[in-house]
Amino acid sequence: MKKNEFDCIVIGGGHAGIEACHAAAKIGVKTALVTIRKDRIGEMSCNPAIGGLAKGQIAREVDALGGLMGLAIDATGIQFKILNSSKGPAVQAPRAQADRHKYQDWMEQRLEQTENLTIIEAFAEDIIVENNAVAGLRCSDSGVYKTQTIVVTTGTFLRGQMYMGDDWWDGGRIEEPASNKLSASLERIGLQIERLATGTPPRIDASTIDYDKLEMQVGDKEPKPFSFLNKSISQQQVPCWITYTNEHIHQLLIDNMHRAPISSGKIKGTKPRHCPSIEAKMLAYPDKKRHRIFLEPEEAEARTIYCNGLFTSVPKDVQEKMLHMMPGTENARIIRYGYGIEYDYCPPVQLRRSLETRKVGGLFMAGQINGTSGYEEAAGQGIAAGINAARKVQGKDVVIFGRDQSYIGVMIDDLLTKGIDEPYRMFTSRAEFRLWLRSDNADRRLTALGREIGLADSDRWKLFSNKLEKINELKSYLRSHRSNSMTMWKHLGQPHNSLADNLAGLEYIRSKNYIREVIDAAIIDAKYAGYMEKQNRLAANFHSREKKKIPDDIDYNQVLHLRAEARQKFSKFKPATLGQAGRISGITPADITVVQIHLKKYYRS
């Protein structure tokens, strides 16, 4: 294969692009990553943190498959916490504050060391299509690179425009230009393009903060790693801090609402409802006296503070006044002002479940170009797209992530069946099988798949196989030995029992030297055993509907007795299965029955 020929080209070096190019290269196809600046690979454009509710589950799923996000945050995290630790395991999630510079460096170095991967510094400008399939990519370095597959992971760069008060300028991220030619290329291909918007908060000089006026927020005493390959976190933890807005700040924002383009209407793209600007909060919660603001260090040395919760597009003078009215930041110096950004995205109803576009064979998309927000959502899509791009090159079947298998599967299915009317963010409430889709068991759900497709290496597989053997061994012991007239397994399933707290101290457990992970897995499985039986029955019913495929060439205008609304939605979303069809908003059981009858009559084979 020639120097300018690749099996797969990934456009964009953000969190989606990293996982996509690493996955494709690791699986064994010759891959290129095209990015504007190599030294900005893995840039944490917004919050320097990984994880959170539902997001932490996705990060662990990426790791379980053999991806990089979990390893990167374990190596560069500066504060680790398990959120919802007082609640059940199904809603617990890991979160870690990152040293954003070390995280970025770690990712760049890891990709440079990845076999089969070439990093090209250039603008991707034109996707070359022949016979409705990807044939190559033209870049700003005058290079034309031949390829069979392309994964587009452009973040906020497509025709990006940034706003601060009355000022605006083209850009995909602070101090980086927008990608306008690629956006035009996607339109020429025939893809539908719309606009979304988001914002960032100011960053302030940590040395100018009065910490005596703030609430300290510390991490866990025994931080738990994200990656299943790691057993502990060695680096020192640093605190975060909490302050609050007040009614004076609220009045300031209300008086300057006309100067906030993300709230005044100047920015037309749809804004994130679940991560609103501070000025939008004034409109949404007019009676609220204060809003909590998290002051989060961006480095281990805590030189720069990220003002989480203070997303804004108001001009510089208003941002300065706002900070100077808030406890602890009265004398704070702003290092980087907050801004709003508007950018192009491609509505994901144009995709197949593999994240390949319907319009052009071999063209895949992942991350914010699909209308999502968040590093973790991007990484989950990136690894899925990279896997399927590589398998397309290899002539293998695509990998479809199920809703009962992973949050990655829930997210992709949501994007394809519900469409986007605002930036998509993952929540545990979106997953009907969340009792099984826990952060603690992501390896048991996905590592075998990662091994099968060639992404999880031998070291990961050996570690996982040993852990699984120990879990099954311990569960067998618990089922065959008794405590208080019932088996230990049944006893652990009872509410408010002390056995779970004392299990590690039992002589048998000590003699086996079971690690904490193994003990916790057995306890959780025992507690959820009854619930899982019910969920397994739901999953069996779910699978029966998912197995009933809908052919790509079905013409819904020929389906007799189908409601006009259902005909319109099925034609738009093009569901791949009857199960997926039933999850489209506005579709009734009667609509599914009509389609099912049509399939039996005309697609008997």
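Residues numbered from 1 in each chain as written. Predicted model: local features only at pLDDT ≥ 70, side-chain atom pairs only at ≥ 80, totals over all residues. Heavy atoms only, no water.

Student: For this particular structure, what's the right way to read the overall build of the protein chain?
Tutor: Within the protein chain, the secondary structure is distributed over 21 helices and 22 strands. Expected size for 605 residues packed as a compact globule is a radius of gyration near 25 Å; at 25 Å, the protein chain falls within 12% of this value. Over its C-alpha atoms, taken along the principal directions, the protein chain stretches across nearly 70 × 65 × 55 Å. Of the contacts formed within the protein chain by residues at least 6 apart in sequence, a portion of 73% connects residues at least 24 apart. Carbon and sulfur atoms provide 48% of the accessible area of the protein chain, an area that totals close to 25,800 Å². Across the protein chain, 85 positive and 73 negative side-chain charges occur, with their mean positions spaced 6 Å apart. (Helix = DSSP H or I, 4+ residues; strand = E, 2+ residues; numbered from the N terminus. Rg over C-alpha atoms; globule rule 2.2 N^0.38 Å. Contact = heavy atoms within 4.5 Å. Areas by Shrake-Rupley, 256 points an atom, 1.4 Å probe, with all protein chains shown as cover. Lys, Arg positive; Asp, Glu negative; His and termini not counted. Charge placed at Lys NZ, Arg CZ, Asp CG, Glu CD.)

Student: Explanation requested: the layout of surface pockets in the structure shown.
Tutor: Of the pockets and cavities examined, the second largest pocket occupies roughly 1,300 Å³. In terms of lining residues, the second largest pocket is bounded by 43 residues, among which Q92, K224, R516, D520 and I524 are the most central. Those elements giving two or more residues to the lining of the second largest pocket turn out to be helix 15 (499–502) and helix 17 (516–527). Considering each element in turn, the lining of the second largest pocket owes the most residues, seven residues, to helix 17. (1 Å grid on protein atoms, 1.4 Å probe; cavity = no way out; pocket = protein on both sides within 12 Å on 5 of 7 lines; lining within 4 Å. Points joined across faces, edges and corners; volume = space filled by probe spheres on them.)

Student: When you look at empty space enclosed by the protein in this model, what are you seeing that I'm missing?
Tutor: Empty space among the atoms becomes apparent when a probe as large as a water molecule is rolled across them. Counted under the stated rule, the structure contains one cavity of 30 Å³ or more. Reported here for the largest cavity is a volume of approximately 80 Å³. Lining the largest cavity are F228, L229, K231, D443, T447, R460, L463, F464, K467 and E517. Elements represented by at least two residues in the lining of the largest cavity include exactly helix 12 (442–453) and helix 13 (458–480). A total of four residues in the lining of the largest cavity trace back to one element, the largest contributor, which is helix 13. Within the lining of the largest cavity, the residues separate by chemical class into four nonpolar, one polar and five charged. (Nonpolar A, V, L, I, M, F, W, Y, C, P; charged D, E, K, R; others polar.)

Student: Help me understand the side chain of E356, please; the structure alone is not making it clear to me.
Tutor: Its place among the elements puts E356 in the loop between strand 19 (340–345) and strand 20 (363–365). For E356, a relative accessible area of 8% puts it in the buried group. If we ignore the near neighbours within four places in the chain, the residues touching E356 are Q350, L351, G361, G362, L363, F364 and K392. (Buried < 20%, exposed > 50% of the residue type's maximum accessible area, 1.4 Å probe, protein only.)

Student: What am I meant to see in the packing of helix 3 (residues 69–76) against helix 4 (residues 100–112) here?
Tutor: Geometrically, a packed helix pair is captured by the angle between its two axes and the distance between the axes. Packing of helix 3 against helix 4 leaves a shortest axis separation of 9 Å and a crossing angle of 135°. In terms of orientation, helix 3 and helix 4 fall into the oblique class. Two packed elements cross with a definite hand, and for helix 3 against helix 4 that hand is right-handed. Of helix 4, the residues touching helix 3 (which contributes M69, L71, A72, I73, A75 and T76) are K102, Y103, W106, M107 and R110. Partitioned by chemical class, the residues of the contact of helix 3 with helix 4 number eight nonpolar, one polar and two charged. (Axes fitted to C-alpha atoms, helices over the stretch in contact; angles between N-to-C directions. Parallel < 35°, antiparallel > 145°, perpendicular 65-115°, else oblique. Left-handed = near helix turned anticlockwise from the far one by under 90°.)

Student: Could you clarify how one ought to interpret the state of the cysteines in this entry?
Tutor: Such a bond, covalent and formed between the sulfur atoms of two cysteines, is termed a disulfide. Inspection of the entire model under this criterion finds zero disulfides. In this model C139 remains outside any disulfide bridge; the closest cysteine sulfur is found in C8, 13 Å from its own. (Disulfide = S-S within 2.5 Å.)

Student: What should I look at first to understand the side chain of N256 in this one?
Tutor: Relative to the elements of secondary structure, N256 occurs in the loop between helix 6 (247–255) and helix 7 (261–264). Given a relative accessible area of 12%, N256 falls into the buried group. At 2.8 Å, the side chain of N256 and the backbone oxygen of L252 are in polar contact. (Polar contact = N/O pair within 3.5 Å; in protein donor to acceptor, adjacent residues only side chain to side chain.)

Student: How should I be thinking about unusual backbone geometry in this particular structure?
Tutor: Of note, N84 is a non-glycine position whose phi angle comes to about 60°, a positive value. Topologically, N84 is positioned in the loop between strand 4 (77–83) and strand 5 (93–98). Positive phi, normally seen in glycine, also occurs at L355, with a value near 75°. As for its placement among the helices and strands, L355 is situated in the loop between strand 19 and strand 20.

Student: Could you clarify how one ought to interpret the pattern of salt bridges in this entry?
Tutor: If the charged atoms of two oppositely charged side chains come close together, the side chains can form a pair. As enumerated under the stated definition, the model contains 46 salt bridges in all. Here K418 makes a salt bridge to D414, at a shortest N to O gap of 3.4 Å. Remark: D414 and K418 occur in helix 11 (residues 407–418); sequence separation between them is four residues, near one turn of the helix. Connected through salt bridges with shared partners, the residues R40, E43, R100, R173, E176, R203 and E298 form a single ionic network. (Salt bridge = Lys/Arg side-chain N within 4 Å of Asp/Glu carboxyl O.)

Student: I'm lost on the sheet that holds strand 3 (residues 49–51) in this one. Help?
Tutor: Strands belonging to one sheet form pairs held by backbone hydrogen bonds; the direction of such a pair is parallel or antiparallel. In space, the three strands of this open sheet follow the order 3-5-4, with antiparallel pairing throughout. The open sheet is flanked by strand 3 and strand 4, the only strands paired with a single partner. With strand direction ignored, the average angle separating the axes of adjacent strands in the sheet is 15°. (Pairing = 2+ DSSP bridges.)

Student: I would appreciate a short explanation of the packing of aromatic side chains in the present structure.
Tutor: We describe a pair of aromatic rings using the distance from one ring centre to the other and the angle between the two ring planes. The tally for this structure, following the rule as stated, stands at nine aromatic pairs. With a centroid separation of 5.5 Å and an interplanar angle of 40°, the aromatic rings of W461 and F464 are classed as tilted. Of this pair, W461 and F464 both sit in helix 13, three residues apart, roughly one helical turn. Centre to centre, the rings of Y477 and Y508 are 3.8 Å apart; their planes meet at 5°, and the pair counts as stacked. Separated by 31 residues along the polypeptide, Y477 in helix 13 and Y508 in helix 16 (residues 507–512) bring together distant segments of the chain. A relative accessible area of 14% means that Y477 is categorised as buried. Grouping aromatic residues by their ring pairs yields a cluster made of Y477, Y508 and Y514. In this structure, R60 packs its charged tip against the face of F228, placed 3.9 Å from the ring centre. (Phe/Tyr/Trp six-rings, centres within 6.5 Å; stacked < 30°, edge-to-face > 60°. Lys NZ or Arg CZ within 6 Å of the ring centre and 35° of its normal.)

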